[in-house]
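Chain by chain, the residues:
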Amino acid sequence: MSWLKKDPLQIIAFQGYGTNTHFYARGRALEDESIDLEEQHIWHLIVNTWKRFETDEIKNVGVNITLPNNTILKGVTDNKGYYKFEENLENLKTLTNDEGWLSFELSYVNNNLKRTIQNKNRFPGELLIPSTKAQFAVASDIDDTILHTGVVSTLKWKVIYNSIFKHAKNRIPLEGAADFYHKLHRGASGENANPIFYVSHSPWNLYRYLELFLRQNKFPKGPILLRSLSNFLKKKPQDEKPQKQKEILNLLKTYPELPFILIGDSGEHDPDIYMEIAEEYPDRILAIYLRSVQHEKKMLRVKGLVENYKTTMVLMVESSAQAIQHAKKHGFIA
């Protein structure tokens, strides 16, 4: 009866962020569905997509994080298998590398699990603590900002098609985007190590897919901040802020000493979200870059918003070269 055999357990760590005194890490405990990230055959892509969304969560179990100095943090997964660690600690910067990444190890508290656990119950995780050399931070959308997705297509059919039938390695980044982001990461001095945060409305189920896309296309390494599938599917109350907006506001609160550059597209809600954030933090938003999309009605709406906006610089860009030119002129990059 091998078909009744349960899959082994794994822990997927989402790259987190923190400060010298604040540790903040998220991830998910799941059964290992054997998703092959390298497989590109059409049938395997469909099966992999099914596995990403039909997850078997490991609910309400203990999870430990072990830091490089052997400090152990204890947590518990929720009823969707997610864990969140938020701890006040000291001197975390002493545990980071030159770019500000702190590596740690996750494990199940497996007293009563009685299950096979992958990797000898040792799973890697990372957390970014921005370098003291950082001049600013960048919060960037993913969909149609650095990755062609078709978010403005009718009924979002292009998003569905691309996510199911295209391998992450075959997805096309917008021309010059990776170069622009590396220039922003290096900053005006060429050695600033400005942190890049990738913020998207996509569900956490696509985390490893998007991580592979960014790595494959040589974008600067940075935390990918998504949302739970239940939040993705349900209609939110009218007065509730979008998850992307909440994530960026949390970044601004976490790093009060850092100004931010916001990058998005003109197709959906980025202009409204970013301008509202700039109104709340007028001295912290250096610039807003909005990639133009091929949708006449949406473009006219955004142009109307941008035309008389004075709180911060808003640039609608047709290409990465245009954004690079503007960033050089204003001293953001070398």
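The notes below deal with the structure included here. (Residues numbered from 1 in each chain as written. Predicted model: local features only at pLDDT ≥ 70, side-chain atom pairs only at ≥ 80, totals over all residues. Heavy atoms only, no water.)

**With respect to the sheet that holds strand β1 (residues 9-14)**
Right, on to step 1. The 3 strands are arranged β1-β3-β6 in an open sheet whose pairing can be described as antiparallel. Across the chains shown, the open sheet's two edge strands, defined by having one partner strand only, are β1 and β6 (82-88). Between one strand axis and the next, the sheet turns by 25 degrees as a mean value, whatever way the strands run.
Right, on to step 2. Inspection of the sheet shows β1 paired to strand β3 (residues 22-31) by 6 bridges, in the antiparallel sense. Each residue of the ladder has a partner; that of alanine 13, found in β3, is glycine 27. (Pairing = 2+ DSSP bridges. Helix = DSSP H or I, 4+ residues; strand = E, 2+ residues; numbered from the N terminus. Axes fitted to C-alpha atoms, helices over the stretch in contact; angles between N-to-C directions.)

**Quick look at the pairing of strand β8 (residues 123-128)**
Right, on to step 1. Sheet analysis places strand β2 (residues 16-17) next to β8, joined by 2 bridges and oriented parallel. By the bridge assignment, glycine 16 is partnered in β8 with leucine 127.

**Focus: the sheet that holds strand β12 (residues 260-265)**
Right, on to step 1. Strand order across the open sheet formed by 6 strands is β11-β10-β9-β12-β13-β14, with parallel pairing between neighbours. Each having just a single partner strand, β11 (224-227) and β14 (313-317) make up the two edges of the open sheet. Averaged over neighbouring strand pairs, the angle between their axes works out to 20 degrees when direction is ignored.
Right, on to step 2. Relative to β11, strand β10 (residues 196-203) runs parallel, the two being bridged by 3 bridges. Each residue of the ladder has a partner; that of valine 199, found in β11, is leucine 225.
Right, on to step 3. The sheet contacts of helix α4 (residues 207-216) involve β10 and β11, and relative to β11 the element is tilted by about 150 degrees.
Right, on to step 4. Where helix α6 (residues 243-254) meets the sheet, its contacts fall on β9 (137-140), β10, β11, β12 and β13 (285-291), and the angle it forms with β10 comes to roughly 155 degrees. (Contact = heavy atoms within 4.5 Å.)

**Topic: the packing of aromatic side chains**
Right, on to step 1. Counted according to the given criterion, the structure contains 17 aromatic pairs.
Right, on to step 2. Both rings, one in tyrosine 83 and one in phenylalanine 85, keep their centres 5.7 Å apart while their planes meet at 70 degrees; by these two values the pair is edge-to-face.
Right, on to step 3. An angle of 90 degrees between the planes, with centres 6.4 Å apart, marks the rings of tyrosine 108 and phenylalanine 123 as edge-to-face. Of this pair, tyrosine 108 sits in strand β7 (residues 101-108) while phenylalanine 123 sits in strand β8, and the two are 15 residues apart along the sequence. Accessibility assignment for this pair places tyrosine 108 and phenylalanine 123 in one class, buried.
Right, on to step 4. Within the aromatic cluster, the residues linked to one another by ring pairs are Phe180, Tyr181, Tyr198, Phe213, Phe219 and Tyr289. (Phe/Tyr/Trp six-rings, centres within 6.5 Å; stacked < 30°, edge-to-face > 60°. Buried < 20%, exposed > 50% of the residue type's maximum accessible area, 1.4 Å probe, protein only.)

**Comments concerning the pattern of salt bridges**
Right, on to step 1. Summed over all chains, the structure comprises 8 salt bridges.
Right, on to step 2. Across the pair arginine 26 and glutamate 247 runs a salt bridge, and its minimum N-O distance is 3.1 Å. A residue pair is termed long-range when its members are at least 10 positions apart, and arginine 26 in strand β3 and glutamate 247 in helix α6 qualify at 221 residues. No difference in accessibility class separates arginine 26 from glutamate 247, as the two residues are buried.
Right, on to step 3. Across the salt bridge formed by lysine 244 and aspartate 141, the nearest N and O atoms sit 3.1 Å from each other. With lysine 244 in helix α6 and aspartate 141 in the loop between β9 and α2 (157-165), this residue pair connects regions lying 103 residues apart in the sequence. With respect to burial, lysine 244 and aspartate 141 carry one shared label: buried. (Salt bridge = Lys/Arg side-chain N within 4 Å of Asp/Glu carboxyl O.)

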